[in-house]
Each structure stands twice: as C-alpha cells, then as structure tokens.
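# Tertiary structure, described
Given next are the chains, with one letter for each unit.
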Amino acid sequence: SQTIHQWPATLVQPVGSPLSLECTVEGTSNPNLYWYRQAAGRGLQLLFYSVGIGQISSEVPQNLSASRPQDRQFILSSKKLLLSDSGFYLCAWRGRDEGEQFFGPGTRLTVL
Amino acid sequence: SQQGEEDPQALSIQEGENATMNCSYKTSINNLQWYRQNSGRGLVHLILIRSNEREKHSGRLRVTLDTSKKSSSLLITASRAADTASYFCATDERFQKLVFGTGTRLLVSP
C-alpha cells in the first residue's frame, strides 16, 4: 500500500533562517507531487507541483522553492524565512489518472 | 488561486441531523472532489464526481453536481459527533492539479 511521509511534524524557526521540508512517498512510482500551504482556519493554497523528476511548476511567486531530486521525494525550501511563511504545509501525491490526492500528515511551521 | 467557495463557512448541528455544504466554482472542470480535514491533520478524500455525473452516493454521503450552475453540494445524513471536521471541495481542471475551496467547518454536537 502507498504511504506518504512528511517531516518534521512541527518546526519553529527564526526570521531569516533557511528551511527544508521533506516529503517522501512509498508504494507507488512516477506520482504527481504537490506542496500546499494552509493558513490558520483557511483553505489550501497550492505552492508547487511536479509531474516528474526535476520538473517543478510554481503556482505562487514567493521566497519558497521546491525540488524533486528523486521520483518519490519532494523538498520545499527557503533561503530566508519571512514571518508570513508561517502555516501548515501539506504534501500530497496522486497517480496519473484522474483520481484522488493522498495527503501527508503536514508540517506546522512557526516563524518568529 | 482558490477557485472553489464553500458555503456556509461554518455549520453547527445536533447529532442525527443532516448537514449540507455547498461549493461554487468558476471554470470548466473534469471532476470535483470533496475532502475532509480533522483539526491539525492532513486531508482525506471522501468522494469524486465526474463532470458528466449529476449525483453520487457513498455511505452517508451524497454529492450533487450542476455544471450549468458551476456548483456542487455535499450532504451528510444522520450526522455523528465524529463528523466534526472541515470539509473542502476541490476542482480538477486538467488532471494535473486540484484547486481547493475555502472550506466549511462543521461542528456536530452530541
């Protein structure tokens, strides 16, 4: 069966520090991968998605970046965090058909 | 960008009552999906309805889709306290990405 992992679960970082959030998927190959951010009490904002290794589509211009170094690994990064980067970050995957997305447990990021 | 808008933003009902949530969207879609999110957790897929379908059932869930009005509704029948969560609709335009709505927070009181 397929599983999706995200870590860390929670993170508190100072403004201006770097960020690296990792997402890995098991039990499937060649998935589409997604990074979302959710502000408190709000909906999901799609940040990046990837249809293959090294292929990244950015939905929202900002100081975040994403990379997909391996088929089932998706990384969200920042060189310098802003206060506005605080939020709940969710990784998700889906297969090549029109089916559902499967979400990871999320990372709660607080920038102080 | 968020295409879907859920209505109401929050809903409070008693156990045993039905809960109806609505979703409106703006562009043509291939399918529409509903997800549930418990507080502080990831989202869980509930049901998918294709653009050529008008109604779909899954257990206590009933979803309708009106593509002429660009709207969908999610009905949860005989609600339980465990149904307390946020519910999101998501539209699939090009089989590559989903665009999520703003969500409805449902509170079911015992």
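Anything mentioned here points back to the structure above.
Right, let's walk through the structure included here. Worth saying up front: this structure is predicted, and the values here are computed from it rather than measured.

### A short note on the sheet that holds strand β3 (residues 19-26) of chain A
Backbone hydrogen bonds hold the strands of a sheet together, and the pairing may be parallel or antiparallel. Residue and element names in this part refer to chain A. Spatial strand order, β1-β3-β8-β7: four strands in an open sheet with antiparallel pairing. In this open sheet, the two strands that pair with only one neighbour each are β1 (3-7) and β7 (64-70). Each adjacent strand pair in this sheet contributes to an overall mean axis angle of 15°, direction not counted. The sheet contact formed by β7 and strand β8 (residues 73-78) spans five bridges and is antiparallel. Looking at β8, one finds that serine 65 is bridged to serine 77.

### Quick notes on the pairing of strand β3 (residues 19-24) of chain B
Residue and element names in this part refer to chain B. Burial along β3 is one-sided: the residues Ala19, Met21 and Cys23 are buried and none of Thr20, Asn22 and Ser24 is. By the bridge criterion, three bridges tie strand β1 (residues 5-7) to β3 in an arrangement that is antiparallel. Paired with glutamate 5 across the two strands is serine 24, which belongs to β3. The sheet contact formed by β3 and strand β8 (residues 71-76) spans six bridges and is antiparallel. By the bridge assignment, cysteine 23 is partnered in β8 with serine 72.

### Topic: the interface of chain B and chain A
Listed as interface residues are 23 residues of chain B and, on the opposing side, 23 residues of chain A. Joining chain B to chain A, the criterion identifies two salt bridges. Residue arginine 94 of chain A is joined to aspartate 92 of chain B by a salt bridge in which the shortest nitrogen-to-oxygen separation is 2.7 Å. Seen at the junction of chain B and chain A, the total is five residue pairs in polar contact (both at pLDDT 80 or more). Only β4 (31-37), β5 (43-50), β9 (85-92) and β10 (98-100) of chain B provide two or more residues apiece to the side of chain B that touches chain A. Taken together, the residues of the side of chain B that touches chain A break down into seven nonpolar, 10 polar and six charged.

### Quick notes on the environment of asparagine 30 of chain A
Residues and elements named next belong to chain A. Counting through the fold element by element, asparagine 30 comes out in the loop between β3 and β4 (32-38). When its relative accessible area of 38% is taken as the criterion, asparagine 30 is described as partly exposed. Along the backbone, asparagine 30 and arginine 96 are 66 residues apart, and their C-alpha atoms lie at a distance of 8.0 Å. Apart from residues lying up to four places away in sequence, asparagine 30 is in contact with Val51, Arg68, Asp71 and Arg96.

Cut-offs and rules
Residues numbered from 1 in each chain as written. Chains lettered and ligands numbered in written order. Predicted model: local features only at pLDDT ≥ 70, side-chain atom pairs only at ≥ 80, totals over all residues. Heavy atoms only, no water. Pairing = 2+ DSSP bridges. Helix = DSSP H or I, 4+ residues; strand = E, 2+ residues; numbered from the N terminus. Axes fitted to C-alpha atoms, helices over the stretch in contact; angles between N-to-C directions. Buried < 20%, exposed > 50% of the residue type's maximum accessible area, 1.4 Å probe, protein only. Contact = heavy atoms within 4.5 Å. Salt bridge = Lys/Arg side-chain N within 4 Å of Asp/Glu carboxyl O. Polar contact = N/O pair within 3.5 Å; in protein donor to acceptor, adjacent residues only side chain to side chain. Nonpolar A, V, L, I, M, F, W, Y, C, P; charged D, E, K, R; others polar.

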